[in-house]
Amino acid sequence: MNDLRTRVEIRDACLLHMVRRLSETKQILKPYPHFWAVGIFPEDIYDRILSELPDDSLYPRGGEGSKHYGNRAEVHLSSEIIERLPASSKELWYGVRSALSAPKLKHAIFAKLSTGLAHRFSIDPEDASEISAYPRAMLYQETGGYSIAPHPDTRRKLATIQFALTNDPSQADLGMSLYRLSASPRDLLHRPRGFREVDRHPFVRNSVVAFAVVNTITMRSWHGRSQLRDDCGVRNTLLQIYYADPADANPEMLAEFQAT
């Protein structure tokens, strides 16, 4: 891709490709409604994303009291961060962020997660894409020792989308784990106690896993990650969250979302 391509061209290329790829993706209903797909970004743009990630110095590390001290860091896709990147990378990340902000992408994602959203809101699945939701995107770095216990996500969130940013086949086992509660004695004897891992989609090049956030008596979107092995390298991800309240969204993405 020519580095001089404008952010509008990058946005349009991403959006067209992502919506088309989502239309080809099947909804998975167990252990709760979610989807997994590969080839979610155009390949040339994905290559640039990998090579033009923000410098490590732009990822603030947690302090001594942080739950993930030393093995997890995040940056928001804010102008404050993007403006500190090289000129060509600014156009790339503004374009990608604009695509992630697009209502058309939100509609495509919510349509693919319609069963879970319909369960949560007691609506017809065909109406799920019309639910009001507001985006926030963040870049994460996680290294050996990082883990997070099974949790369903806060009800403030409507959908969670994790894009794998990797070109390393040895990281295939680093995917997000999907769980269900289990009273089996076997599942009470090992961690995470009382849960059974039902699925862990491969953490591979240009892949995405997404789920509807459901936290009801009959269904919960339990997910987490067992401790990353010490030699796993850096697990880079792009996490897109859709919130029910616009106050939780990225203000700049919200402005783009509402202007479209």
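Residues numbered from 1 in each chain as written. Predicted model: local features only at pLDDT ≥ 70, side-chain atom pairs only at ≥ 80, totals over all residues. Heavy atoms only, no water.

Draft legend 1. Representation of unusual backbone geometry. Residue proline 31 follows lysine 30 across a cis peptide bond; omega there is 5 degrees. Here the phi dihedral of asparagine 206 falls at roughly 55 degrees; this positive angle occurs in a residue that is not glycine. Structurally, the position occupied by asparagine 206 is in the loop between strand E7 (195-200) and strand E8 (207-212). (Helix = DSSP H or I, 4+ residues; strand = E, 2+ residues; numbered from the N terminus.)

Draft legend 2. Layout of helix H8 (residues 251-259). All of the buried residues in H8 are Met253, Leu254 and Phe257. Across the axial projection of H8, the buried residues extend over an arc of 100 degrees, all falling on one side. Exposed side chains of H8 directed beyond 90 degrees from the buried face belong to Pro251 and Ala259. At the N-terminal boundary of H8, the capping side chain belongs to asparagine 250, with an oxygen 2.8 Å from the backbone nitrogen of glutamate 252. (Buried < 20%, exposed > 50% of the residue type's maximum accessible area, 1.4 Å probe, protein only. Arc of directions from axis to C-beta. Polar contact = N/O pair within 3.5 Å; in protein donor to acceptor, adjacent residues only side chain to side chain.)

Draft legend 3. Up close: the pattern of salt bridges. Counted according to the given criterion, the structure contains 16 salt bridges. Note that glutamate 91 and arginine 7 form a salt bridge whose closest N and O atoms lie 3.1 Å from each other. Within this pair, whereas glutamate 91 is found in helix H4 (residues 87-101), its partner arginine 7 is found in helix H1 (residues 7-23), the two being separated by 84 residues in sequence. On the accessibility criterion, arginine 7 (34% relative accessible area) is partly exposed. Note that glutamate 142 is salt-bridged to arginine 72, the shortest N-O span being 2.8 Å. In this pair, glutamate 142 sits in strand E3 (residues 134-142) while arginine 72 sits in strand E2 (residues 72-76), placing the two residues 70 residues apart along the sequence. A single salt-bridge network, built from bridges that share partners, covers Glu43, Asp47 and Arg205. (Salt bridge = Lys/Arg side-chain N within 4 Å of Asp/Glu carboxyl O.)

These results come straight from atomic positions and should not be treated as a statement about function.
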